Amino acid sequence: VQLQASGGGLVQAGDSLRLSCVVSGRASGDLSVAWFRQAPGKGREFVAAIFRNYGRPYYTDSVKGRFSISRDRAKNTVSLQMNSLKPEDTAVYYCGASSRLILSSIVVRTAYNDWGQGTLVTVSS
């Protein structure tokens, strides 16, 4: 499985961005896919995930109501719509995938087997 993340950029607080994670080598519907982010000097933290098949989405508390994760099976892509961006959302965003993810491990970075290269999101105040 290969993942290709894109869509990052420099925006102002309150703006929106849409990140995309293109999956190749396997149908994205067979995978649970998550977005993590890593701010400068910090560890990689969970942002959002969508379970394989027709599973529900999950979000970390700080992005609930602002971010939305979705899957486009025709394009084999998982997207992260980010609205009302804040300076604290500034980070490199990574998509990760797992074919065997369980709910109790959803926020655990090592539960995901495959990762994209990351895309930088910078939110200015």
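Residues numbered from 1 in each chain as written. Predicted model: local features only at pLDDT ≥ 70, side-chain atom pairs only at ≥ 80, totals over all residues. Heavy atoms only, no water.

Draft legend 1. The arrangement of the side chain of D89 in detail. For D89, the position within the fold is in the loop between β8 (77-82) and β9 (91-98). Exposure remark for D89: the relative accessible area of 1% places this residue in the buried category. In terms of polar contacts, D89 uses its side chain to reach the side chain of R37, at 2.9 Å. At 2.8 Å, the side chain of D89 and the backbone nitrogen of K86 are in polar contact. If sequence neighbours within four positions are ignored, D89 has contacts with R37, R66, F67, S84, V121 and V123. (Helix = DSSP H or I, 4+ residues; strand = E, 2+ residues; numbered from the N terminus. Buried < 20%, exposed > 50% of the residue type's maximum accessible area, 1.4 Å probe, protein only. Polar contact = N/O pair within 3.5 Å; in protein donor to acceptor, adjacent residues only side chain to side chain. Contact = heavy atoms within 4.5 Å.)

Draft legend 2. Representation of the side chain of S98 within the structure. Along the chain, S98 turns up in strand β9. Side-chain polar atoms of S98 contact the backbone nitrogen of R100, separated by 3.1 Å. Polar side-chain contacts of S98 include one of 3.1 Å to the backbone nitrogen of L101. Beyond its immediate chain neighbours, meaning those up to four positions away, S98 contacts L31, S32, A111, Y112 and N113.

Draft legend 3. Structural context of the pairing of β8. Extensive coverage of β8 is indicated by the burial of five of its six residues. When strand β3 (residues 17-24) meets β8, the two strands line up antiparallel, connected through six bridges. Within β8, the position partnered with L17 by the bridge is M82. Hairpin connection, strand β7 (residues 67-72) to β8: the antiparallel pair is bridged by four residues, and N76 has positive phi, about 50 degrees. (Pairing = 2+ DSSP bridges.)

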